[in-house]
Amino acid sequence: MLMPERAEIPPVVLSIAGSDPSAGAGIQADLLTCARLGVHACTAITALTIQDSVNVQRFSLVNPAECLQQARVILDDIPVRVIKIGMLGSAEMVRALAGLLDAYPQIPVVLDPILAAGGGTSLAGSGLLEAMRSELLPKVSIITPNGPEALALTGAEDVRAAAVLLNAQGAQWVLLSGGHGEGPKLENLVFQGGILRQTVIQERLPHQYHGSGCTLASAVAAGLAKGQAVMQAIEAALAFTHDALLHAYPLGSGQFFPNRF
Ligand code: PLP
């Protein structure tokens, strides 16, 4: 009897993030993005959000010890190439995760420093910013803040100064996405070692989008998992996200959903 051919084994990203039932953002965005890019995403869920396409109504955090257990059993069993981190929600979750990362120093970490939902609801508990700065940034390979996140994390007054500070605080690379600015073009800036290494200009698109930051960060993680160099992964992720937003669709009465099919 002929044996079926062995399936090719895809590279693996572990996404540690919150659940978004609308599947625009959060864990669901990471799964859709990674699948589209040929990467298997395992997941450890930090929070359950109650949200639609308009806004997050409320959320409850998973016990940090249980979140860690979800991640640990995967890391001990499956060859995870990249860890992607999204919504953490509390300083306790940040501290727990920082301890976990210490045990896997060889795995690159992509951090999307989520502070608020696209609709405006805060997703950050007290002390979260300080814990991220002191405990997480030194363990991060690439941080992917938008402008408001970069300013909030550093206290800087402009985004370029914020990116330099994020490098100084330990994040090796900073991909500062330009979507929150104004004008017909947006500027995505890549910093390493406090120096601007690359500027990627894109056309600003007309709608509000649900999960654009999650899509970008998980596309970066997927690229790294496939063996791309950092700059190549960043440029490919920016192009992928722009295309997903260009073809975004309205599902409910709120933000448009990135098209990751
Ligand atoms: N993660 C979760 C669980 C969320 O609910 C949200 C937004 O509501 C985000 C991340 C951030 O989404 P975005 O990519 O639009 O910044």
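Residues numbered from 1 in each chain as written. Predicted model: local features only at pLDDT ≥ 70, side-chain atom pairs only at ≥ 80, totals over all residues. Heavy atoms only, no water.

### Digging into the site of the ligand
Reasoning step 1: Residues in close proximity to the ligand total 14 residues, the closest being Gln-51, Ala-117, Gly-211, Gly-213 and Cys-214.
Reasoning step 2: Contact distances for the ligand include 2.5 Å between an oxygen atom and a side-chain N or O atom of Gln-51.
Reasoning step 3: Ser-212 is positioned with one of its backbone polar atoms (N or O) 3.5 Å from an oxygen atom of the ligand.
Reasoning step 4: In the complex, 94% of the free accessible area of the ligand, which totals 400 Å², lies under the protein chains.
Reasoning step 5: Those elements that provide at least two residues to the shell around the ligand are β2 (40–51) and α7 (212–225).
Reasoning step 6: Within the shell around the ligand, the residues separate by chemical class into 7 nonpolar, 7 polar and no charged. (Near = heavy atom within 4 Å. Polar contact = N/O pair within 3.5 Å; in protein donor to acceptor, adjacent residues only side chain to side chain. Areas by Shrake-Rupley, 256 points an atom, 1.4 Å probe, with all protein chains shown as cover. Helix = DSSP H or I, 4+ residues; strand = E, 2+ residues; numbered from the N terminus. Nonpolar A, V, L, I, M, F, W, Y, C, P; charged D, E, K, R; others polar.)

### A look at the sheet that holds strand β3 (residues 56–61)
Reasoning step 1: Spatial ordering of the open sheet is given by β3-β2-β1-β4-β5-β6-β7-β8-β9, a layout of 9 strands whose pairing is mixed. Looking at the sheet topology across the chains shown, the edges are occupied by β3 and β9 (195–203).
Reasoning step 2: Sheet topology note: the strand β8 (residues 185–192)/β9 ladder contains 8 bridges and is antiparallel. Paired with Val-190 across the bridge in β9 is Gln-198.
Reasoning step 3: Each of β1 (12–19), β2 and β4 (80–85) touches helix α2 (residues 64–77); the most contacted strand, β2, lies at about 165° to it.
Reasoning step 4: Here helix α8 (residues 230–246) sits on the sheet and contacts β6 (142–143), β7 (173–176), β8 and β9; the angle it forms with β9, its principal contact strand, is near 20°. (Pairing = 2+ DSSP bridges. Contact = heavy atoms within 4.5 Å. Axes fitted to C-alpha atoms, helices over the stretch in contact; angles between N-to-C directions.)

### So, the environment of Phe-256
Reasoning step 1: Along the polypeptide, Phe-256 turns up in strand β11 (residues 256–257).
Reasoning step 2: According to the relative accessible area criterion, Phe-256 is buried, its value standing at 18%.
Reasoning step 3: A sequence separation of 232 residues divides Phe-256 from Gly-24, and the C-alpha atoms of the two residues are 8.4 Å apart.
Reasoning step 4: In this view, Phe-256 contacts His-207, Gln-208, Tyr-209, His-210, Ala-248, Tyr-249 and Pro-250; residues no more than four positions away in its chain are not counted. (Buried < 20%, exposed > 50% of the residue type's maximum accessible area, 1.4 Å probe, protein only.)

### Here we look at the packing of aromatic side chains
Reasoning step 1: Overall, the coordinates contain 1 aromatic pair when judged by the stated rule.
Reasoning step 2: With 6.3 Å between their ring centres and 15° between their planes, Tyr-249 and Phe-257 make a pair best called stacked.
Reasoning step 3: Its relative accessible area of 3% is what places Phe-257 among the buried residues. (Phe/Tyr/Trp six-rings, centres within 6.5 Å; stacked < 30°, edge-to-face > 60°.)

### Considerations on the layout of surface pockets
Reasoning step 1: A volume near 160 Å³ is recorded for the second largest pocket.
Reasoning step 2: Taken together, Leu-101, Asp-102, Tyr-104, Pro-105, Gln-106, Ile-107, Pro-108, Val-109, Lys-139, Val-140, Ser-141 and Gln-172 make up the lining of the second largest pocket.
Reasoning step 3: Residues of the lining of the second largest pocket, tallied by class, amount to 7 nonpolar, 3 polar and 2 charged. (1 Å grid on protein atoms, 1.4 Å probe; cavity = no way out; pocket = protein on both sides within 12 Å on 5 of 7 lines; lining within 4 Å. Points joined across faces, edges and corners; volume = space filled by probe spheres on them.)

### Observations regarding helix α1 (residues 26–36)
Reasoning step 1: Of the positions making up α1, those classed as buried are Gly-26, Ile-27, Ala-29, Asp-30, Thr-33 and Cys-34. Buried residues along α1 cover an arc of 155° about the axis, so they all sit on one side.
Reasoning step 2: Buried residues in α1 make contact with β1, β2, β4, α7 and α8.
Reasoning step 3: Once α1 finishes, Gly-38 follows within two positions and takes phi at roughly 80°, a positive value. (Arc of directions from axis to C-beta.)

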